[in-house]
Amino acid sequence: MKSVVLNMSMSVDGFSAGPDVSIEHPMGVGGERLHEWLFTSGSDRAVAAGGTSPNGVDARVAQEILASTGAVVLGRRTFDVGVELWGDTPFPVPCFVLSHQARERLVMKSAAFTFVTGGIESALRQARAAAGDGCVLIMGGASTAQQFVKAGLVDEIQIHLVPVLLGSGARLFDHLGTDHIELERDRSLESPNVTHLRFRVAR
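Residues numbered from 1 in each chain as written. Predicted model: local features only at pLDDT ≥ 70, side-chain atom pairs only at ≥ 80, totals over all residues. Heavy atoms only, no water.

By the naming in an unreviewed UniProt entry, the protein chain goes by Deaminase and is assigned to Sphaerisporangium melleum.

This is the structure:
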C-alpha cells in the first residue's frame, strides 16, 4: 500500500504557521520564515523561478519530496490562501482538498484539485488511487495534519525544523489526544537554515 507522508516545516517551539493566516499572510504573520529554506538566496537551495539550484542538502531534500510524491491531500484553508500564490497545484500531481462544501474539480496547469466532502478516509482513498507509484503527501494546515495523525493514517513524518521561535500561531501537534504515538527516527540532515528530520510511525 502506498505510504502516507506528513511533510511540514515547523519552528522549534512547535508552530507550523504564524497567527492570523490569510490570503495576505498565507503562512500567518511571520510564518513565511518557516519556508525560507526553500526560497531565499541564503538557503543552500536558493530556488529562483526557472532557475537552477545548488546541490546542497536542502535542495536534495526538496527534490526528493518532489520526486516521491504521487498525490497530495490538503485542507481547504490551505487551498484558499495558497492557490493564487501557487498559480497551480503545489506539486504537479493530483491534489485532494478536504472541504465541507462541494465544488467542481479545478483543473490547473500541472494537475487538478478535487474537492472531497467525505472526510479524510475518502480523500486518502482517492489520493492513493491517483498516486501511481508515489506516496500520498499530507501538507498544509495543522488541523489536517492532526486529523491524519490522530486517526493513525500516517506512515512517515518529515519535519523541517527551522531555528526560530515563532511564539504564536498554529501548533502542529496539538489536539492529538493522550495516547502515545511512537516514532522511529529514520534520518537527520542539517544545513545552516534547517534540520530535516524523518520519522517512521511505529505500528
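Picking up where we left off.
(A) Just the pattern of salt bridges, in detail. As enumerated under the stated definition, the model contains eight salt bridges in all. The salt bridge partner of Asp-186 is Arg-198, with a shortest N-O separation of 2.7 Å. On the criterion of sequence distance, the pair formed by Asp-186 in strand E10 (residues 183-190) and Arg-198 in strand E11 (residues 195-201) is long-range, its members being twelve residues apart. Of the residues examined, Arg-198 reaches a relative accessible area of 17% and is grouped as buried. (Salt bridge = Lys/Arg side-chain N within 4 Å of Asp/Glu carboxyl O. Helix = DSSP H or I, 4+ residues; strand = E, 2+ residues; numbered from the N terminus. Buried < 20%, exposed > 50% of the residue type's maximum accessible area, 1.4 Å probe, protein only.)

(B) Looking closely at the packing of aromatic side chains. Under the defined criterion, the tally for this structure stands at three aromatic pairs. Ring geometry for Phe-79 against Phe-113: centres 4.9 Å apart, planes inclined by 75 degrees, an arrangement best described as edge-to-face. Of the two residues, Phe-79 is situated in helix H3 (residues 76-86) and Phe-113 in strand E6 (residues 112-116); the sequence distance between them amounts to 34 residues. Each member of the pair, Phe-79 as well as Phe-113, carries the same accessibility label: buried. Between Trp-86 and Phe-113, the aromatic rings sit 6.4 Å apart at their centres with planes inclined by 20 degrees, giving stacked as the arrangement. Taken together, the residues span a long stretch of sequence, with Trp-86 in helix H3 and Phe-113 in strand E6 at a distance of 27 residues. On the accessibility criterion, Trp-86 (28% relative accessible area) is partly exposed. (Phe/Tyr/Trp six-rings, centres within 6.5 Å; stacked < 30°, edge-to-face > 60°.)

(C) Broad picture of helix H5 (residues 142-150). Burial in H5 covers these residues: Ala-142, Thr-144, Ala-145, Gln-146, Phe-148 and Val-149. Immediately downstream of H5, the backbone of Gly-152 shows phi near 70 degrees, a positive value.

(D) Examining the sheet that holds E10 more closely. The nine strands lie next to each other as E5-E6-E4-E3-E7-E1-E8-E11-E10, forming an open sheet whose pairing is mixed. Across the chains shown, the open sheet's two edge strands, defined by having one partner strand only, are strand E5 (106-107) and E10. In the sheet, strand E1 (residues 4-11) pairs with strand E8 (residues 156-162) via seven bridges, with the strands oriented parallel. Looking at E8, one finds that Val-5 is bridged to Glu-156. (Pairing = 2+ DSSP bridges.)

(E) Spotlight on unusual backbone geometry. Phi angles above zero are rare outside glycine, and Asp-20 is one such case at about 60 degrees. Tracing the chain through its elements places Asp-20 in the loop between strand E2 (15-17) and helix H1 (36-39). A relative accessible area of 60% places Asp-20 in the exposed class. Of note in the backbone geometry, His-175 takes a positive phi value of approximately 60 degrees without being a glycine. Within the fold, His-175 resides in the loop between strand E9 (170-171) and E10. Exposure remark for His-175: the relative accessible area of 62% places this residue in the exposed category.

(F) Representation of the pairing of strand E7 (residues 135-139). Of all five residues in E7, five are buried, a share of seventy percent or more. Neither face of E7 is left uncovered, since the one carrying Cys-135, Leu-137 and Met-139 and the one carrying Val-136 and Ile-138 both have all their residues buried. In the sheet, E1 pairs with E7 via three bridges, with the strands oriented parallel. Across the sheet, Val-5 pairs through a bridge with Leu-137, a residue of E7. One ladder, built from five bridges, connects strand E3 (residues 69-75) with E7; its direction is parallel. By the bridge assignment, Leu-74 is partnered in E7 with Met-139.

(G) Region of interest: the nonpolar core. Judged by nonpolar contacts, the single largest core of 27 residues is most densely connected at Leu-6, Val-73, Val-136, Ile-138, Phe-148 and Val-154. Within the residue set of this core, elements represented by two or more residues are E1, E3, strand E4 (95-98), helix H4 (120-130), E7, H5, E8 and E11. Other than its neighbours up to four places away in sequence, Val-73 contacts Phe-96, Leu-98, Ala-123, Ala-127, Val-136, Leu-137, Ile-138, Met-139 and Phe-148. Counting 17 residues, the second-largest nonpolar core is a separate cluster that includes Val-57, Val-72, Val-93 and Leu-137. (Core = buried A, V, L, I, M, F, W, Y, C linked by side-chain atoms within 4.5 Å. Contact = heavy atoms within 4.5 Å.)

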